[in-house]
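# Topology and contacts: notes
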Amino acid sequence: MNRSARYALRIASLTVALGLWQLLTSRDIDLWLRFSQFPTVTDVAHTFADRLAGPDYWTDLTDSLTRILTGFLLAAVLGVATGVLVARSRLAEDLLGPVLEVIRPIPAIALVPVAILLFPSNEQGIVFITCAAAFFPVLVSTRHAVRALTPVWEEAVRTMGGGRWRVLGSVVLPGALPGVFGGLSVGIGVSWICVISAEMISGQYGVGYRTWQDYTVVDYPGVFVGMVTIGVLGWLTSTAVELLGRRLTRWLPRTAHVPAARPKPAPAGAAPSPARAAVREDTPAHPEEARDEHLV
């Protein structure tokens, strides 16, 4: 399937989903789920157009993006540095490992009371919660990626006279990049969840704050405008992280999603092809022979 066909399929999937939403809500269909309580797609679209024409929407958008980017960048730097340190140093693992493992299961949104008590302003507290949400996925992915590196690479660099920093810059960081960006992709999604929740609880501006305010005044189309905005922003930032990861790991082999063709069976009585004959001659008849050849 070529690229244009894939894009057409994605657009068709989105169109079908919106059409089903419009059908269920406009007809007030109530089976087990109460779609009569939902606004229609046209109602949400009209409210969305009104919000785009006003200044409050863009102020909320700017505030949420500033918070998410600040917290996520801090988490990326701290998570990668801590993950490499814990994976490469037994002393750091003994000192930091127990503390990090105790804090890691705590949901970031549960740190809202801590942020309110710890920081002098709500803005700093929201950035702290966003950073804490993305920190642990990045940390864990980086730690596993560094520990999974082949020791032969480091030994080769040391054999050629490379020191600790040379190993770090030439082996550890490049080799761990795929795992690091896997953690960053997870972290940006978790950051959006927590920053929206924090804005609902203690924010004064932002997409999450505005969405909660719309819910309290029973403005359901406004609630869905906030939800759509959050989804689009999350998708854009996740795509940006993924594209950056692909660009920085261009040296990795890319797998083409092409199904392998199965060889057609030869007609009855026909002589086997030279390729099949060569495979049959090279393949041992018994598993023991294959094992012995592998050992040789």
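Everything numeric in this text was worked out from a predicted model, so none of it was measured.

### Some details on the layout of surface pockets
- Put simply, the largest pocket is a space of about 490 Å³.
- Forming the walls of the largest pocket are Arg3, Arg6, Tyr7, Arg10, Ile11, Trp235, Thr239, Glu242, Leu243 and Arg246.
- Among the secondary structure elements, those contributing two or more residues to the lining of the largest pocket are helix H1 (3-26) and helix H10 (220-248).
- Its residues assigned to classes, the lining of the largest pocket comprises four nonpolar, one polar and five charged.
- Each pocket or cavity is described by its volume, and for the second largest pocket that value is around 280 Å³.
- Lining the second largest pocket are Leu14, Ala17, Leu18, Trp21, Val41, Val44, Ala45, Phe48 and Val228.
- Elements supplying a minimum of two residues to the lining of the second largest pocket: H1 and helix H2 (41-52).

### Here we look at the nonpolar core
- If you look at the biggest cluster of nonpolar residues, it comprises 45 residues, and the most contacted ones within it are Ile129, Leu184 and Trp192.
- Within the residue set of this core, elements represented by two or more residues are helix H3 (55-88), helix H5 (112-118), helix H6 (122-147), helix H8 (164-202) and H10.
- With 13 residues, the single largest contributor to this core is H8.
- Ignoring anything within four residues of it in the chain, the contact list for leucine 184 reads Phe72, Ala76, Val138 and Val241.

### Notes on empty space enclosed by the protein
- In the structure shown here, the tally under the stated rule is one cavity of 30 Å³ or more.
- By volume, the largest cavity is sized at about 40 Å³.
- Lining of the largest cavity is provided by Val112, Ala115, Ile116, Asn122, Gly125, Ile126, Ile129 and Ser202.
- At the level of elements, H5 and H6 are the ones that each hand at least two residues to the lining of the largest cavity.
- Here the lining of the largest cavity gets four residues from one element, more than from any other, and that element is H6.
- Here the residues of the lining of the largest cavity are counted per class, giving five nonpolar, three polar and no charged.

### Brief notes about H8
- A rise of 1.5 Å per residue sets the reference length of H8, with its 39 residues, at 57 Å; its end C-alpha atoms lie only 45 Å apart and thus fall more than 12% short of the reference.
- At leucine 177, H8 shows its maximal bend, which comes to roughly 55°, and the proline proline 178 appears one to four places after that position.

### Things to note about the packing of helix H4 (residues 90-103) against H6
- Put simply, H4 and H6 touch, their axes get as near as 12 Å, and they point 135° apart. Taken together, the axes of H4 and H6 are oblique relative to one another. The element H4 and its partner H6 pack so that their crossing is left-handed. Contacts between H4 and H6 involve Glu93, Leu100, Glu101 and Ile103 on the former and, on the latter, Phe135, Phe136, Leu139, Arg143 and Arg147.

Procedures and definitions
Residues numbered from 1 in each chain as written. Predicted model: local features only at pLDDT ≥ 70, side-chain atom pairs only at ≥ 80, totals over all residues. Heavy atoms only, no water. 1 Å grid on protein atoms, 1.4 Å probe; cavity = no way out; pocket = protein on both sides within 12 Å on 5 of 7 lines; lining within 4 Å. Points joined across faces, edges and corners; volume = space filled by probe spheres on them. Helix = DSSP H or I, 4+ residues; strand = E, 2+ residues; numbered from the N terminus. Nonpolar A, V, L, I, M, F, W, Y, C, P; charged D, E, K, R; others polar. Core = buried A, V, L, I, M, F, W, Y, C linked by side-chain atoms within 4.5 Å. Buried < 20%, exposed > 50% of the residue type's maximum accessible area, 1.4 Å probe, protein only. Contact = heavy atoms within 4.5 Å. Expected span 1.5 Å × (residues − 1). Bend = angle between axes of the 7 residues up to and from the residue. Axes fitted to C-alpha atoms, helices over the stretch in contact; angles between N-to-C directions. Parallel < 35°, antiparallel > 145°, perpendicular 65-115°, else oblique. Left-handed = near helix turned anticlockwise from the far one by under 90°.

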